[in-house]
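# Topology and contacts: notes
In case you want the letters, here they are:
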Amino acid sequence: MLRLLKYLKRSFLPIIAVLALLILEAYCDLALPQYTSDIVNVGIQQGGIEDIAPTEIRTSEMEKLLLFMEEEDQNTVESHYEIKDRIIDGESVSVYVQKEVDDDTVEELNSIFEVPMLLVNAIENGINAQNSEGEAEESQNLAIFQEMIPEGAEGDFFTVLPTLPETQQEELLSAIGEEGQKLKETLGSSTLRQMDVAYVQKQYESCGIDTDKLQTNYIWKTGAQMAGFALIIAATTVLISLLASRIGALFARDVRKDLYTKVVRFSHKEFQDFSTASLITRCTNDIQQVLILVIMMLRMVFYAPIIGIGALFKVLHTASNMTWVIGIAVGAILLLVITLLVATMPKFKALQKLVDKVNLVTREILTGLPVIRAFSREDHEEKRFDSANINLTKANLFVNRAMALMMPMMMLIMNGISVLIIWVGASAIDQGTMQVGSLMAFIQYTMQIIMAFLMLSMMSIMLPRAMVSANRIADVLATENSVKDPASPKQFDPTIQGTVEFRDVSFRYPDAEADVLKDISFTAHAGETTAIIGSTGSGKSTVAKLIPRFFDVSKGAILIDGIDIRDVTKHDLREKIGYVPQKANLFSGTIASNIAYSGDMDEETIVNAAAIAQATDFIEEKEEGFQSEVAQGGTNVSGGQRQRLSIARAIAKNPEIYIFDDSFSALDYKTDAALRKALKQTIKHSTIFIIAQRISTVLEADRIVVLDEGEIAGIGTHSELLQTSEVYRQIALSQLSKEELGL
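First, a word on what this report is: a plain description of the structure on this page. (Residues numbered from 1 in each chain as written. Predicted model: local features only at pLDDT ≥ 70, side-chain atom pairs only at ≥ 80, totals over all residues. Heavy atoms only, no water.)

Okay, the pairing of strand S6 (residues 500-507) next. Where S6 and strand S7 (residues 517-524) come together, five bridges link them in antiparallel fashion. Its bridge partner being in S7, Val500 is matched across the sheet by Ala524. Where S6 meets strand S9 (residues 555-560), five bridges bridge the pair, whose relative direction is antiparallel. Among the inter-strand pairings, Arg503 is bridged to a residue of S9, identified as Ala557. (Pairing = 2+ DSSP bridges. Helix = DSSP H or I, 4+ residues; strand = E, 2+ residues; numbered from the N terminus.)

Here it is in structure tokens:
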């Protein structure tokens, strides 16, 4: 996969945009559980009161609180409050009003007011705590207060306190302060917070503040913020999906373009190494697998660590004493994922090869259907296809079952962790160390962490197959073409045209044990027809493939116009050649488009080429003439018609060199003779190579090269070879009588 990352360079800015949007989406996702917690904790349990530092409080109550503060804390409080007069229930009341302060200052004030509010509340109302066994016991503060207040003194604590001697006041306040710290440790932060909020709510009511409206406003405000975050999440999700799809599509387009460009420039050797079926799979199915991986990586793989790490920080902030639950969840998920990977990885590696096999068998059956029917081998081919198909099906079923098993197992882990969190959290709530909203937020953050691992685990199942596909694509792209253009190509001399020389040429197919051609030397000149004949397997077609450099010679050199064909570009070389292959191949389109395949040309050129190729008669018989549709591979025309159209395609190009590789085999003798006569009249200035097995096709050639087991067994005209070449003589006698040969 790393070898294909270069194709993402052009999408660098969109990828950065996706990352920014993912961070924004994660921020919003992580904010929602906290808002849910705030609605429960603050909006419902605390009546919408966010902080215990009161925004307004009667002066008389503030003076009580100041009694239990250190001098430094008293100064801090007084510096952030100002005294104002309020009309409450028709009476003028002096109140402390909080100044404009920042969040850090509010937190500092909350810390200062925490214990004094507890003490004032305890003194005025009494309080029950719990001992270590969870049994209710009366707080000792009231007994301490009673012992230290003189007998006979009338009034409550705050009325009597100023009447006491200063030393006794200090002792009493010190004792109460110690008792307050004990109560704080005993009650727990949650219970302490609730008591202080209840005290603040009472003070707000005494100042004429509508606490019901305060609660309603808080819930509406928080709910609106949650709705805003939800809308942002929806918008970012859509944008991320669009950008990821676009990035993936551009990636696949560029990879497919380069892969196709690479494949069409392969020589025959590379096609033999990869096989056509495998190359088709790599250009289609493999690219699709990598495309899905790129999109999923942008959408899930990048998002998972962002949301997972963010949720982990939130969990540590929410309830750090319960993080061991996260460890259990992560450990269970990793164990599941590793088990699945170990079981499925071998199948993923084999999956694409099985797809290749199905494509290969399907292609062979469809292209060879007439032969299969002729030999009544339908049942055999069905079994062969079933075998490949069943193997692929089994591999897919195993992988899909593994993925299907993963989801319920993940849900089991998620639900089990939820139950564990509630069980542990309920105990914390009972002890007063956690609030209900905080427990809800902890559950949601834990689920986000688990979902992050779930996303990564899903990718871990998809990744192996995509990685196999990526490596298969990269292998094709990294393959060096065995037939290369020179670093400093030469140019053909325009004054010399059509001279082809084979100079001591030997050739061996890749991985073959012996040479197919051995020390072949001859020269073909412009305006001459050179025929190459020989028995099956003698190397005739190999000679035809060496001229346009479908293969490079193993030894020796082929020169055109005095230049080694390896010293010019393949494009320049093939521009000089009109090649008609042994197996005529047409493309989907029209008859005209097939004839004009070499480039743009006028209608007259197309018609003349068809006439020379003896194709005019059957073309005019068609209702739409030259605009008649040709099926893929030319399956809607006969073999002889395909050959004539293939010949017309080469003639329309008007090259300097023609190569007819056994291109007249499907023609009847009459059409063959008429075609060769027309060729001799119209392309008489070109160099013509005719590879044939029929003597009648090469009788009038200016030069006949006879091949026997890859070696030249004679060169000359027909009459000369009958006298000098026993191989040619035997071939001729096997096809024509002595009378026809003039012997």
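Under the definition given, this model contains 15 aromatic pairs. Ring plane angle 10 degrees and centroid distance 4.6 Å describe the contact between Phe587 and Tyr597, whose orientation is recorded as stacked. Taken as a pair, Phe587 in the loop between strand S11 (577-580) and strand S12 (589-590) and Tyr597 in the loop between helix H19 (591-595) and helix H20 (603-612) lie far apart in primary sequence, 10 residues in all. A network of ring pairs unites the aromatic residues Tyr27, Tyr35 and Phe229 as a single cluster. Residue placement shows Arg299 over the ring face of Tyr303; its charged tip is 6.0 Å from the ring centre. (Phe/Tyr/Trp six-rings, centres within 6.5 Å; stacked < 30°, edge-to-face > 60°. Lys NZ or Arg CZ within 6 Å of the ring centre and 35° of its normal.)

The six strands lie next to each other as S11-S14-S15-S8-S16-S17, forming an open sheet whose pairing is mixed. Bordering the open sheet on either side are S11 and strand S17 (711-716), each of which pairs with just one other strand. Strand after strand, the sheet turns through a mean of 15 degrees between neighbouring axes, direction not considered. Strand direction decides the pairing type here: strand S8 (residues 529-534) and strand S15 (residues 687-692), joined by five bridges, are parallel. Bridge pairing in S15 places Thr529 opposite Ile688. The strands touched by helix H22 (residues 639-653) within the sheet are S11 and strand S14 (657-661), with S11 carrying the most contacts at an inclination of about 180 degrees. Lying on the sheet, helix H26 (residues 726-735) is in contact with S8, strand S16 (703-708) and S17; it crosses S16 at an angle near 95 degrees. (Axes fitted to C-alpha atoms, helices over the stretch in contact; angles between N-to-C directions. Contact = heavy atoms within 4.5 Å.)

On to a negative patch on the surface, then. A surface patch of like charges, here negative, comprises Glu70, Glu72, Asp102, Asp103, Asp104, Glu107 and Glu108. Among the elements that line the negative patch, the one with the most residues is helix H4 (residues 103-125), at four residues. Of note, Asp104 is situated in helix H4. Judged by relative accessible area, Asp104 falls into the exposed class, the value being 63%. (Patch = residues over 30% accessible without salt bridge, like charges linked within 9 Å, V, L, I, M, F, W, Y side chains within 5 Å. Areas by Shrake-Rupley, 256 points an atom, 1.4 Å probe, with all protein chains shown as cover. Salt bridge = Lys/Arg side-chain N within 4 Å of Asp/Glu carboxyl O. Lys, Arg positive; Asp, Glu negative; His and termini not counted. Charge placed at Lys NZ, Arg CZ, Asp CG, Glu CD. Buried < 20%, exposed > 50% of the residue type's maximum accessible area, 1.4 Å probe, protein only.)

A few words on the pairing of S15. With respect to burial, S15 is a largely interior element, six of its six residues being buried. In S15, alternate side chains face the same way, and those of Thr687, Phe689 and Ile691 on one face and Ile688, Ile690 and Ala692 on the other are all buried. Two elements, S14 and S15, share five bridges in a ladder whose sense is parallel. If you follow Ile657 over to S15, its bridge partner there is Thr687. With helix H23 (residues 669-682) bridging S14 and its parallel neighbour S15, the resulting β-α-β unit is right-handed. (Right-handed = clockwise from strand over helix to strand, strands pointing away.)

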